[in-house]
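Inside the fold
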Amino acid sequence: MRKNLLTAWVVGSTILASACTEPSSEMTNKKTEADGSTLLAEWTGPYGGVPAFDQMDLEALKPALETGMASSLAEIEAIAQDPEPPTFENTILAMERSGSQLDRVFAYFGIWSSNRSTPEFREIQQAMAPKLAEFRSKITQNAALFERIKTVYESDEMQSLDAQQQRLVWLTYDGFARNGATLEGEPKERYAAINQRLAEIHTQFGNNVLADEEGYVTYVNADQLDGLSESFVQAAAVAATDRDHEGEYAITNTRSSMDPFLTFSSERDLREQVWRTYYSRGDNGDEHDNNALIAEILQLRHERVQLLGHDNYAAWRLEDRMAKTPEKALALMEAVWPAAIARVAEEVADMQAIADREGTGITIEPWDYRYYAEKVRQDKYDLDSDEVKQYMQLGKLREAMFFVASELFNFEFTPVPDGSVPIFHPDVMVWEVTDKTSGDHIGLWYLDPFARPGKSSGAWATTYRSHETFDGKRTVLGSNNSNFIKGAPGEPVLVSWDDARTFFHEFGHALHYFSSNVDYPSLNGGVRDYTEFQSQLLERWLLTDEVIDNYLVHHQTGEPIPAELVTKIKKAATFNQGFSTTEYLASALLDMKYHTMDPTGLDADTFERQALEELNMPKELPMRHRSPHFGHIFRNEGYAAAYYGYMWADVLTADAAEAFEQAPGGYYDKELASKLVEHLFAPRNAVDPAEAYRAFRGRDAHMEALMRDRGFPVPGE
Ligand SMILES: [Zn+2]
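For clarity, every value in this text was computed on a predicted model and none was experimentally measured.

Take the coordination of the zinc ion next. On the protein side, the zinc ion has His505 (NE2), His509 (NE2) and Glu532 (OE) as donor atoms, found 2.1 Å from it. Sequence spacing of the donor residues for the zinc ion, all on one chain, is H-x3-H-x22-E. Of this pair, His505 and His509 both sit in helix 21 (residues 497–515), four residues apart, roughly one helical turn. In terms of burial, His505 and His509 fall into one category: buried.

Okay, here's the thing in structure tokens:
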């Protein structure tokens, strides 16, 4: 069972729930329909075979997916019906071997989906979504298959396996068991019925929020635009025209509209109106009100995990996460909370002082926070982003990443000979990754750096092939993708500070792929509260002296970025941390409270108000996501009892960064770097992440590191 299928088990119903739209039309009447063979074929060519990105034929996609699913199901069925008694070899390893055809099709599918999307592709994607969902459930619901997995899991043979093999068996068993495979008879039926109802009301929850985002718009006129940027005003004019309000300006009810409006508009009454509209989404007492749905969702989740023998939803959810128990996640959040709200008090005092100085006579209210915070920022933390940009050249940043990879990971990056590796767009560049000492081939790194129509926004990392050895060594094909704006020919591409940091972040994911030393494909999978840690940590090398002196150099003069500017960048990182930590933590704490309680008779509105009172929530700001529109946890199960995960990863990042700061060789300490690779990068999911961290640090991560990182006082220091 290869990575895509495993991912489907791990996120379980999330994927199934999101794929229930009927296709609008089938792809018919096309000229000669391809048979899909180009997308299914074994990869040939250099470096252990590479995807034929130069032969991607969209017409081949649908037949290839269908053939790939059919062959995977046939492989799975053969395992399930094997007349031989179940063993690690004929069951678990056979599953690891299955699905390779489909896996190759998904590599192309991912390119169409993220790098080269078209309306024609999206039509196929929509038509195939229910079929893919059905395919996945045919595997997870295969009782004969699960029976064999369970037999291996409980067998004497299990004890004779090595550690990686045992973990593989456990992860396979657990992936099924956690999603209801152990149930029989009436509980099994109830389990399925609950999932079906949850899929419906999760969707309804999301649709209600969407309806309120679309249905409530604040219109303003030309003399109410003070403080707003020209680009914002233009977009607001277009949005108004689109809604038949020609000549007015629409402040739509989304974060991307609300946030800049509240930050820059000097119209206080309008700020209040926009703020109230935004934070009332799903809570307007009309047909789109979500309060009753929250109670039903929580009730059903609670009942479902009780069928599996768990006390509450969070206990079930965290069992296979690094945090392991709700108590540990809560303890972290509650430890940081007092410092966060204390910082809010300081921030409010700074803002109030400015308001007083201006003689406005106001008291800071939630709709004033962003506006006055911006004034504080200009006053105390001002960073000229254009000045910083002069030192951030894309080519130099890439060289800097290669330098870091060389120093820490002993990797060498060499461009492949022109034309030797097929690419899916002329902008894509490919490097071979080798071990600097032995020269051994490790993999290929594909970089698709520039924005273009049809490409997803933002930045991401992915693999076309992961490391494994059990059937002969397969090397890694990893990629990084960004949306930088191409410069004029011959001119360096200059990027913002945030984009430079993101570039390093995504490269951290790629290094995580390339470091893998696991034997089996499934062990490359991620653990949700752990997989962002490695990439976040890598961001820290951007501000090391070695990188600053040699790579963050002015594109004209070649001078390194001045120390004062670096200091300003570092200081700006702690700006408004009271606000962002508190609004985030309030949501994360509520998420955990909802999923550890008995939800019988819950009134979400009252519960939220009382919980915030008990927390002593500062009145000057709301939760980042109030319950009636908290889509992360109620629109699907993606972040249910898991919203804490962002902070969890931040603690690991801050604590591991301190280890380097304290090491004799600093961020380039050879001994610590080799421990980092050995324990935190190479094992992927072959070792329990909590054990892996302890092996690296000699202890668990300390949350005080995070407090220092955010500029909060640490008790006792
Ligand atoms: Zn990431």
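Moving on, there is more to tell.
On the surface, Asp384, Asp386, Glu387 and Glu564 cluster together into a patch of negative charge. On the secondary structure map, Asp384 appears in the loop between helix 18 (369–380) and helix 19 (385–389). Classification of Asp384 by relative accessible area gives partly exposed; the value is 40%.

By the definition in use, this model includes 44 salt bridges. Between Arg271 and Asp368 there is a salt bridge, with its nearest N and O atoms 2.7 Å apart. Here Arg271 is found in helix 14 (residues 268–279), whereas its partner Asp368 is found in the loop between helix 17 (326–357) and helix 18, with 97 residues between them in sequence. Each of the two residues, Arg271 as well as Asp368, counts as buried. Through salt bridges with shared partners, a single ionic network connects Asp174, Arg178, Glu319, Asp320 and Arg321.

Looking now at helix 12 (residues 230–242). Its 13 residues place the ends of helix 12 18 Å apart at the C-alpha level, agreeing with the 18 Å of an ideal helix rising 1.5 Å per residue. Taken as a whole, helix 12 has its buried residues at Phe232, Val233, Ala236, Ala239 and Ala240. The buried side chains of helix 12 occupy one side of the element, clustering within an arc of 125° when seen end-on. Relative to its buried face, helix 12 has exposed residues pointing more than 90 degrees away, namely Glu230, Ser231 and Asp242. Where helix 12 is buried, its residues contact strand 1 (218–220), strand 2 (249–251) and helix 13 (255–264). Looking one or two residues past helix 12, Asp244 carries a phi angle of roughly 60°, positive in sign.

Another point: the packing of helix 8 (residues 143–154) against helix 10 (residues 163–177). Between helix 8 and helix 10, the shortest axis-to-axis distance is 10 Å and the interhelical angle comes to 135°. Accordingly, the angle class assigned to the pair helix 8 and helix 10 is oblique. Between helix 8 and helix 10 lies a crossing whose hand is left-handed. Here Leu145, Phe146, Ile149, Lys150, Val152 and Tyr153 of helix 8 lie close against helix 10, whose contacting residues are Val169, Trp170, Thr172, Tyr173, Phe176 and Ala177. In terms of residue class, the contact of helix 8 with helix 10 is made up of ten nonpolar, one polar and one charged.

Cut-offs applied
- Residues numbered from 1 in each chain as written.
- Predicted model: local features only at pLDDT ≥ 70, side-chain atom pairs only at ≥ 80, totals over all residues.
- Heavy atoms only, no water.
- Donors = N, O, S within 2.8 Å, 3.2 Å for Na, K, Ca; no water.
- Helix = DSSP H or I, 4+ residues; strand = E, 2+ residues; numbered from the N terminus.
- Buried < 20%, exposed > 50% of the residue type's maximum accessible area, 1.4 Å probe, protein only.
- Patch = residues over 30% accessible without salt bridge, like charges linked within 9 Å, V, L, I, M, F, W, Y side chains within 5 Å.
- Areas by Shrake-Rupley, 256 points an atom, 1.4 Å probe, with all protein chains shown as cover.
- Salt bridge = Lys/Arg side-chain N within 4 Å of Asp/Glu carboxyl O.
- Lys, Arg positive; Asp, Glu negative; His and termini not counted.
- Charge placed at Lys NZ, Arg CZ, Asp CG, Glu CD.
- Expected span 1.5 Å × (residues − 1).
- Arc of directions from axis to C-beta.
- Contact = heavy atoms within 4.5 Å.
- Axes fitted to C-alpha atoms, helices over the stretch in contact; angles between N-to-C directions.
- Parallel < 35°, antiparallel > 145°, perpendicular 65-115°, else oblique.
- Left-handed = near helix turned anticlockwise from the far one by under 90°.
- Nonpolar A, V, L, I, M, F, W, Y, C, P; charged D, E, K, R; others polar.

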